[in-house]
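Listed here are the chains, written in short residue letters.
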Amino acid sequence: MKTGRDRTNEDHRSTSGAPRRSLLDPAAIVLAGSLVLLLAAGWLKSGGLKLAISGLGAALLIGALVGIFRTLDFSTPRFVNGTPRQLAWIRVVVCLTALIYTLMEDLPAIASMPAGMRNNFQFFRVLNSLPGYSALVSNPYLLGTLQWTTAALLFLGLIGFLTRPTLCLGGLGFFLMQAILRHYTYQYHSGLVLVYLVLVLIWTPCAATWSIDHWLNHKKPKPGRQSVGFSVYACFAVMAVVYVLSGLSKLRGSGLDWFRGDNIELKLVQDALSPIFFDYKWKATIWLVQHHAPGYVFAIIGTVGLIVELGYVTVLFSRTAQIIIPIAALGVHVGILVFQHILFPDLLMLQLIFLNVDWVTNFCGRHFRTGDRAVSAQVRNDIPPRPLSSLPAVATALMVAIFFVAWVWSVEYYPLSSWNMYSYAQRKGPLHYLRVIATLENGRSIVIPTRDFSPAWLPSGRDILARVFRTTRHSEKFDAFLSFYVQRRNRNLMFGSLITRMEIQLWRWNYLVDPNDPRFGWAIGVYPYDVPSKPSPSR
């Protein structure tokens, strides 16, 4: 008969997992060295030395990660809550978020966009060369079919019906949809993490529970504990690497200047003047400027965000961090929405993948199911788990290495990115922004938000409109884009009356000299567009 001490020791062994790796472990030393090489290469200018160092660092990183992954026990709760329910929860959150992203876009409207607005560089050059692609983006019915088919497949992946094929096809459809939206805008970052996670989930046993597949075939052999735990860990790794690279990009682009209050202040003010979301008269950033908030207030805002980004790596080896960091990241993204009026729905929702659903279900079972016994989330360790196979270890290590190499070389090749968001320091001074004034048929003049001009729901239209001031003469391509916009808005009388004229205005505001200017500066450039009495086709 086991004594209480015996049971305590047994429970400790069952939850402690594999022995902790020593800092002097050869694989850990190689891992640290590879990261040092990659970070050093990231600060070098392009050349043979950078190529050699980054190549060596990537090779060492892959080897070290494979060695570490192969020796760790992911079936224990030491690193992650690696249970089938946790992995199924990740599938639900990722598919639901991707489904929302798919449904919120008006993809058929892309067919009315001028062909000249398409980008023709890097991955988009490949798209343009694909047979049938031009016909796809020119036909609203084909685009609508793509959108609704992708939505249906993602929903089937969410409920776990024919999970692997539906995730594979739905992931490819989501990949293509996001590429089309960027084809007419620019390489924006919202949604990229979703692309990565959907493609990762395809290779995981994420339908082992909480799925129709499991309900229809409950006698199917359960996946190995090691495989499930590592699948959860791989999803966490995607999130961690993206956040860390975003923080490293700021340090590489700005150095210590990133922490200057005036650098953060100018970035916040510029976004507040061209808000994408929450375009209210009262704006938190403008209020701070007009009340002469000291520089350290803005420095604290920027520093907190950078600390969370760099600290995100701790979710890979700390269960406590898997609670604290997602909550902190949630707060940072809410702050971005309040001060910069930029919304990242994916990064807000994806923090939920760290929620310990086994704890939640057990808590609900204990408190809301009278007479039911809660199911323990702990795994049995009386049978040693099978070692992790080489394929998932190599694939995950290769994925991490590719992300780092893309950062080293500042790659912006869809779907890869170096995550250079707000990475370069700026000095406090006069800033420029855009306003769009529309004259209506009833004689009224209105201000149209720049975000309304983007064919994609999330990115700001200011990046598209700003192109017009890079040329000294009228642009037929840009006029065709404005014609497309006017036809779309006049078709349903969006503003209560027809648009007859538009002006794209470039404004300058020296908020240092006159922070309380009610007009926020003055116009220094105008691009006029008179709507034809009989709108011509946009193509």
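Everything here concerns the structure above.
Notes on the structure in this doc start here. Here, residues in each chain are numbered from 1, in the same order as that chain's written sequence. With the structure being a predicted model, the display of local features is reserved for residues of pLDDT at least 70 and the display and counting of side-chain atom pairs for 80 or more, all residues being used for whole-chain, interface and lining totals. Note that the side-chain values use all heavy atoms of the structure and ignore hydrogens as well as water.

1. Focus on the overall build of the chain
Where helices and strands are cited, they refer to DSSP runs of H or I of at least four residues and of E of at least two residues respectively, numbered from the N terminus. Regarding its fold elements, the chain presents 20 helices and six strands. In terms of overall size, the chain behaves like a compact globule, its C-alpha atoms giving a radius of gyration of 26 Å where 539 residues would be expected to give roughly 24 Å. If one aligns the C-alpha atoms of the chain with their principal axes, the spans along those axes are about 90 × 55 × 50 Å. Accessible surface is estimated by sampling points in the Shrake-Rupley manner with a 1.4 Å probe; for residues, cover comes only from the protein chains shown. On the chain, roughly 25,800 Å² of surface is accessible, and the fraction owed to carbon and sulfur atoms is 65%. The averaged location of the 28 negative side-chain charges in the chain is 5 Å from the averaged location of its 50 positive side-chain charges. Computation of the radius of gyration draws on C-alpha atoms alone. For the globule rule, the value is 2.2 Å times the number of residues to the power 0.38. A positive count includes Lys and Arg, and a negative count includes Asp and Glu. His and the chain ends are not counted in either. Here the site of a charge means atom NZ of a Lys, CZ of an Arg, CG of an Asp or CD of a Glu.

2. Focus: the environment of Phe278
Examined against the element boundaries, Phe278 turns out to sit in the loop between α12 (261–273) and α13 (284–290). With relative accessibility at 43%, the residue Phe278 sits in the partly exposed group. As for Phe278 and Leu337, which are separated by 59 residues in sequence, their C-alpha atoms are 8.0 Å apart. Discounting residues that sit within four places of it in the chain, Phe278 has contacts with Leu337 and His341. When a residue's accessible area, from a 1.4 Å probe over protein chains only, is under 20% of the maximum for its type it is buried; when over 50% it is exposed; and in between it is partly exposed. Whether two residues are in contact is decided by their heavy atoms, any of which lying within 4.5 Å being enough.

3. Examining the packing of helix α14 (residues 295–311) against helix α15 (residues 321–340)
When two helices pack together, you describe them by how their axes are tilted relative to each other and by the distance separating the axes. The N-to-C vectors of α14 and α15 enclose an angle of 140°; their axes lie 10 Å apart at closest approach. Judged by the inter-axis angle, α14 sits oblique to α15. Relative to α15, the crossing made by α14 is left-handed. Along the contact surface, α14 presents Ile301, Val304, Gly305, Val308 and Gly311, while α15 presents Ile325, Ala328, Ala329, Val332 and Phe339. Each residue belonging to the contact of α14 with α15 can be placed in one class, and the counts come to eight nonpolar, two polar and no charged. All axes are obtained by fitting lines to C-alpha atoms, using only the stretch in contact for helices, and the reported angles, taken between N-to-C directions, cover 0 to 180 degrees. Every angle not falling under 35 degrees, over 145, or within 65 to 115 is termed oblique; those three ranges are roughly parallel, roughly antiparallel and roughly perpendicular. Put simply, a crossing is left-handed when the front helix is turned counterclockwise from the back one by less than a right angle, and right-handed when it is turned clockwise. Each residue gets one of three labels, nonpolar for Ala, Val, Leu, Ile, Met, Phe, Trp, Tyr, Cys and Pro, charged for Asp, Glu, Lys and Arg, and polar for the others, Gly among them.

4. Considerations on the sheet that holds strand β6 (residues 522–530)
When DSSP finds at least two bridges between two strands, those strands are taken to pair. What the four strands build is an open sheet, ordered β4-β3-β5-β6; its pairing is antiparallel. Strands at the two margins of the open sheet, each flanked by one partner only, are β4 (445–448) and β6. Along the sheet, successive strands turn relative to each other by an average axial angle of 25°, direction set aside. Note that strand β3 (residues 431–440) and strand β5 (residues 499–509) share 10 bridges and pair antiparallel. Each residue of the ladder has a partner; that of His432, found in β5, is Arg508. In the packing of α12 onto the sheet, contacts are made with β3 and β5, and the angle to β3 comes to roughly 5°. Across the sheet, helix α20 (residues 476–491) touches β4, β5 and β6, and the angle it forms with β5 is around 120°.

5. Here's the deal with the environment of Arg501
Turning to its location among the elements, Arg501 is positioned in strand β5. For the pair formed by Arg501 and Asp530, sequence separation is 29 residues and the distance between their alpha carbons is 4.5 Å. Discounting chain neighbours no more than four positions away, the residues touching Arg501 are Ile437, Ala438, Thr439, Pro528, Tyr529, Asp530 and Val531. Between N or O atoms, a polar contact is any pair within 3.5 Å; within protein, one atom must be a potential hydrogen donor and the other a potential acceptor, and residues adjacent in sequence are included only when both atoms are from side chains. A polar contact is formed between the side chain of Arg501 and the side chain of Asp530, at a distance of 2.6 Å.

6. Some details on unusual backbone geometry
With omega at 5°, the peptide bond leading from Tyr414 into Pro415 counts as cis. Checked against the element boundaries, Pro415 lands in the loop between β1 (412–413) and β2 (416–417). Phi is positive for Phe520, close to 55°, though the residue is something other than glycine. When you line up the elements, Phe520 lands in the loop between β5 and β6. Exposure remark for Phe520: the relative accessible area of 22% places this residue in the partly exposed category.

7. Brief notes about the side chain of Ser417
With respect to the helices and strands, Ser417 occurs in strand β2. One polar contact links Ser417 to Glu412, side chain to side chain, over a distance of 3.1 Å. If we ignore the near neighbours within four places in the chain, the residues touching Ser417 are Gln187, His189, Leu192, Tyr196, Ala406, Val411 and Glu412.

8. A few points about the packing of helix α9 (residues 192–201) against helix α11 (residues 225–254)
As a packed pair, α9 and α11 sit with axes 10 Å apart at the nearest point and diverge in direction by 160°. On the basis of the axis angle, α9 is roughly antiparallel to α11. Along this stretch, α9 crosses α11, giving a crossing that reads as right-handed. Only Cys235, Val238, Met239 and Val242 of α11 make contact with α9, whose side of the interface consists of Val193, Tyr196, Leu197, Val200 and Leu201. The residue inventory of the contact of α9 with α11, partitioned by class, reads nine nonpolar, no polar and no charged.

9. With respect to the pairing of β5
Bridge count for β5 against β6 is eight bridges, and the pairing is antiparallel. Residue pairing across strands places Glu503 opposite Pro528, the latter belonging to β6.

10. Focus on helix α3 (residues 48–71)
Spanning 24 residues, α3 covers 35 Å between terminal C-alpha atoms, matching the ideal 34 Å at 1.5 Å per step. Those residues of α3 that sit buried are Lys50, Ile53, Ser54, Gly57, Ala58, Leu61, Ala64, Leu65, Val66, Ile68 and Phe69. Of the surrounding secondary structure, the elements contacted by the buried residues of α3 are α2 (26–42), α11 and α18 (390–408). An expected span of 1.5 Å times one less than the residue number is assigned to each helix.

11. Some points on the packing of aromatic side chains
Centre distance within 6.5 Å is the pairing criterion for rings of Phe, Tyr and Trp, where only the six-membered ring of Trp is used; planes under 30 degrees apart are then read as stacked, over 60 as edge-to-face, and the remainder as tilted. With the rule as written, the count across this model stands at 29 aromatic pairs. Between the aromatic rings of Phe79 and Tyr233, the centroid separation amounts to 6.3 Å while the plane-to-plane angle is 75°, which identifies the pairing as edge-to-face. Placement of the pair is Phe79 in the loop between α3 and α4 (84–103) and Tyr233 in helix α11, with a sequence separation of 154 residues. Over the aromatic face of Trp409 sits the side chain of Lys50, whose NZ or CZ is 4.9 Å from the ring centroid. Two conditions define a charge sitting above a ring: the NZ of Lys or the CZ of Arg must be within 6 Å of the ring centre, and it must be within 35 degrees of the ring normal.

12. A word on the nonpolar core
For the purposes of this section, nonpolar cores are sets of buried Ala, Val, Leu, Ile, Met, Phe, Trp, Tyr and Cys residues that join through side-chain atoms within 4.5 Å. Formed by 129 residues in total, the largest nonpolar core has its most connected members in Ile448, Phe481, Ile499 and Met502. If you tally residues by element for this core, the top one is α11, at 16 residues. Residues within four places of Met502 in sequence aside, it is in contact with Val436, Ile437, Ala438, Ile448, Phe453, Leu482, Tyr485, Val486, Tyr527, Pro528 and Tyr529. Membership of the second largest hydrophobic core comes to 17 residues, among which are Trp258, Ile286, Leu306 and Trp509.

13. Section: the pattern of salt bridges
Note on definitions: salt bridges are taken to be side-chain nitrogens of Lys or Arg within 4 Å of carboxyl oxygens of Asp or Glu. Under the defined criterion, the tally for this structure stands at 11 salt bridges. Among the ionic pairs, Lys428 bridges to Glu265, the shortest N-O distance being 3.0 Å. Separated by 163 residues along the polypeptide, Lys428 in the loop between β2 and β3 and Glu265 in helix α12 bring together distant segments of the chain. By relative accessible area, Glu265 is classed as buried at 5%.

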